[in-house]
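# Geometric and topological summary
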2 protein chains.
Amino acid sequence: MVTKQLNGSVDDADLTRADSLAREIFSDIANKWAFLIIETLGEETLRFSVLRNAIEGISHKMLTQNLRMLERNGLVGRTVHPTVPPRVEYRLTAPGLALRQTVSGMCDWTHTYIGQIEASRRRFDD
Amino acid sequence: MVTKQLNGSVDDADLTRADSLAREIFSDIANKWAFLIIETLGEETLRFSVLRNAIEGISHKMLTQNLRMLERNGLVGRTVHPTVPPRVEYRLTAPGLALRQTVSGMCDWTHTYIGQIEASRRRFDD
């Protein structure tokens, strides 16, 4: 649901507005790396290295940046265990788990339509 | 659902693989502009200028690029009416409408959690 306010004031929840908080959150989160991190974490608590190995092609920098962004938005919790060296683990919070349902929906959608999409790409590129 | 193949061959539907078709599709579609276009189109048939006005902040170039990408992947249909000047209209296809359910879920999620996210951002930035 995209809400549209007509009275001219800024509505923080209005995604159609360039300066809304909702748009800012959307800009942060709607990217493939964030989605793949959310999907991979699922209900598990995982270390950085495990996440990095599970998501082929993600760079150290991209994983660090996206985990930090997800932590800032309260979607991922980060726990530092006082071992030597410190063990750092990540898990989805309640809002993160709620978003995961949406992300999983997109993964399922990709699996369902991959054949149609491939055919469409071939026609378009011909 | 992220599937992981263990036999070393490339599975096109395996999002965890950097070289899978599923990852390529995900890379194309998981971005805020594509999501906002899908959400705004909904079940309507809209002209470029109407879309552009509805999504504040989207540039002509970004809208053109994303519509083309969505058309290539078969999510958006484009109709050119032979008027002078030609009238070009866009609508979601069946796969596009199916993905819209997921995108709407993310919009709803943003509305539900916006307060919690804002509070988390404040704590993080302090």
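Residues numbered from 1 in each chain as written. Chains lettered and ligands numbered in written order. Predicted model: local features only at pLDDT ≥ 70, side-chain atom pairs only at ≥ 80, totals over all residues.

A separate point is the overall build of chain A. When you go through chain A residue by residue, the secondary structure sums to five helices and three strands. Walking chain A from its N terminus toward its C terminus, one meets helices and strands in the order α-α-β-α-α-β-β-α. Here the C-alpha radius of gyration of chain A, 18 Å, is well above what a compact globule of 126 residues would show, namely 14 Å. Dimensions of chain A, computed from the C-alpha atoms along their principal axes, are close to 55 × 45 × 25 Å. Counting only residues that meet the buried cut, chain A has 37% of its 126 residues in that class. Residue pairs at least 24 apart in sequence account for 40% of intrachain contacts in chain A once pairs closer than 6 positions are excluded. (Helix = DSSP H or I, 4+ residues; strand = E, 2+ residues; numbered from the N terminus. Rg over C-alpha atoms; globule rule 2.2 N^0.38 Å. Buried ≥ 20, exposed ≤ 12 C-beta atoms within 10 Å, placed from the backbone. Contact = placed C-beta atoms within 7 Å.)

Given 3.6 residues to a turn, an α-helix orients residues that are three or four positions apart in the same direction. Of all the bends in helix α5 (residues 94-125) of chain B, the greatest measures close to 60° and is centred on Tyr 113 of chain B. Among the residues of α5 of chain B, Gly 96, Leu 99, Arg 100, Thr 102, Val 103, Met 106, Cys 107, Trp 109, Thr 110, Tyr 113 and Ile 117 of chain B are the ones counted as buried. Along its buried surface, α5 of chain B packs onto α1 (21-29) and α5 (94-125) of chain A together with α2 (32-41), β2 (76-81) and β3 (87-92) of chain B. (Bend = angle between axes of the 7 residues up to and from the residue.)

Moving on to the interface of chain A and chain B. Each partner contributes residues to the interface: chain A has 48 residues there, and chain B has 48 residues. Per element, the largest residue contribution to the side of chain A that touches chain B is 20 residues, and it comes from α5 of chain A. Class assignment for the residues of the side of chain A that touches chain B results in 24 nonpolar, 14 polar and ten charged. (Nonpolar A, V, L, I, M, F, W, Y, C, P; charged D, E, K, R; others polar.)

Once that is clear, we can look at the sheet that holds β3 of chain B. Strands belonging to one sheet form pairs held by backbone hydrogen bonds; the direction of such a pair is parallel or antiparallel. Residue and element names in this part refer to chain B. Taken together, three strands build an open sheet; the order of strands is β1-β3-β2 and the sheet is antiparallel. The sheet terminates laterally at β1 (46-47) and β2, the two strands that pair on one side only. Here β2 runs beside β3; their pairing, made up of six bridges, is antiparallel. Note that in β3 the partner of Thr 79 across the bridge is Glu 89. (Pairing = 2+ DSSP bridges.)

With that settled, the discussion passes to the packing of α5 of chain A against α5 of chain B. Put simply, α5 of chain A and α5 of chain B touch, their axes get as near as 10 Å, and they point 170° apart. Of the possible angle classes, the one that applies to α5 of chain A and α5 of chain B is roughly antiparallel. Considering how the two elements wind past one another, α5 of chain A and α5 of chain B form a crossing that is left-handed. Across from Pro 95, Ala 98, Leu 99, Thr 102, Gly 105, Met 106, Trp 109, Tyr 113, Gln 116 and Ile 117 of chain A in α5 of chain A, the residues of α5 of chain B making contact are Pro 95, Ala 98, Leu 99, Thr 102, Gly 105, Met 106, Trp 109, Tyr 113, Gln 116 and Ile 117 of chain B. When the residues that make up the contact of α5 of chain A with α5 of chain B are grouped by side-chain class, the tally is 14 nonpolar, six polar and no charged. (Axes fitted to C-alpha atoms, helices over the stretch in contact; angles between N-to-C directions. Parallel < 35°, antiparallel > 145°, perpendicular 65-115°, else oblique. Left-handed = near helix turned anticlockwise from the far one by under 90°.)

Further remarks concern the environment of Thr 16 of chain B. Residue and element names in this part refer to chain B. Tracing the backbone through its elements, the reader meets Thr 16 in the segment before α1 (21-29). Given 21 C-beta atoms within 10 Å, Thr 16 falls into the buried group. Separated by 18 residues in sequence, Thr 16 and Ala 34 have C-alpha atoms that sit 22 Å apart.

Next up on the list: the relation of the copies chain A and chain B. When chain A is fitted onto chain B, the two copies agree to an RMSD of 0.0 Å after a turn of 180° and an axial shift of 0.0 Å. What the rotation and shift describe, once combined, is the action of a two-fold rotation axis. A symmetric contact is evident, with 100% of the interface residues of chain A recurring at the interface of chain B. (Least-squares fit on C-alpha atoms with pLDDT ≥ 70 in both.)

Residue and element names in this part refer to chain A. Strand order across the open sheet formed by three strands is β1-β3-β2, with antiparallel pairing between neighbours. Of all the strands in the sheet, just β1 (46-47) and β2 (76-81) have a single pairing partner and so form its edges. Note: β1 against strand β3 (residues 87-92), two bridges, orientation antiparallel. Looking at the pairing, Arg 47 lines up with Glu 89 of β3.

Let's shift gears to the environment of Asp 125 of chain A. Residue and element names in this part refer to chain A. Here Asp 125 lies in helix α5. Judged by the 7 C-beta atoms lying within 10 Å of it, Asp 125 is exposed. Between the C-alpha atoms of Asp 125 and Thr 45, which are 80 residues apart in sequence, the distance is 42 Å.

The subject of this paragraph is the nonpolar core. In this structure, Phe 35, Ile 37 and Ile 38 of chain A together with Phe 35, Ile 37 and Ile 38 of chain B are the most contacted members of the largest nonpolar core, which totals 62 residues. Residue-level mapping places this core at the junction of two domains, with at least three residues from each of domain 1 (1-30) and domain 2 (37-125) of chain B. Among all residues touching Ile 37 of chain B, those that are not within four sequence positions of it are Leu 51, Ile 55, Asn 66, Leu 67 and Leu 70 of chain B. (Core = buried A, V, L, I, M, F, W, Y, C linked by C-beta atoms within 7 Å. Domains from an automatic or database assignment.)

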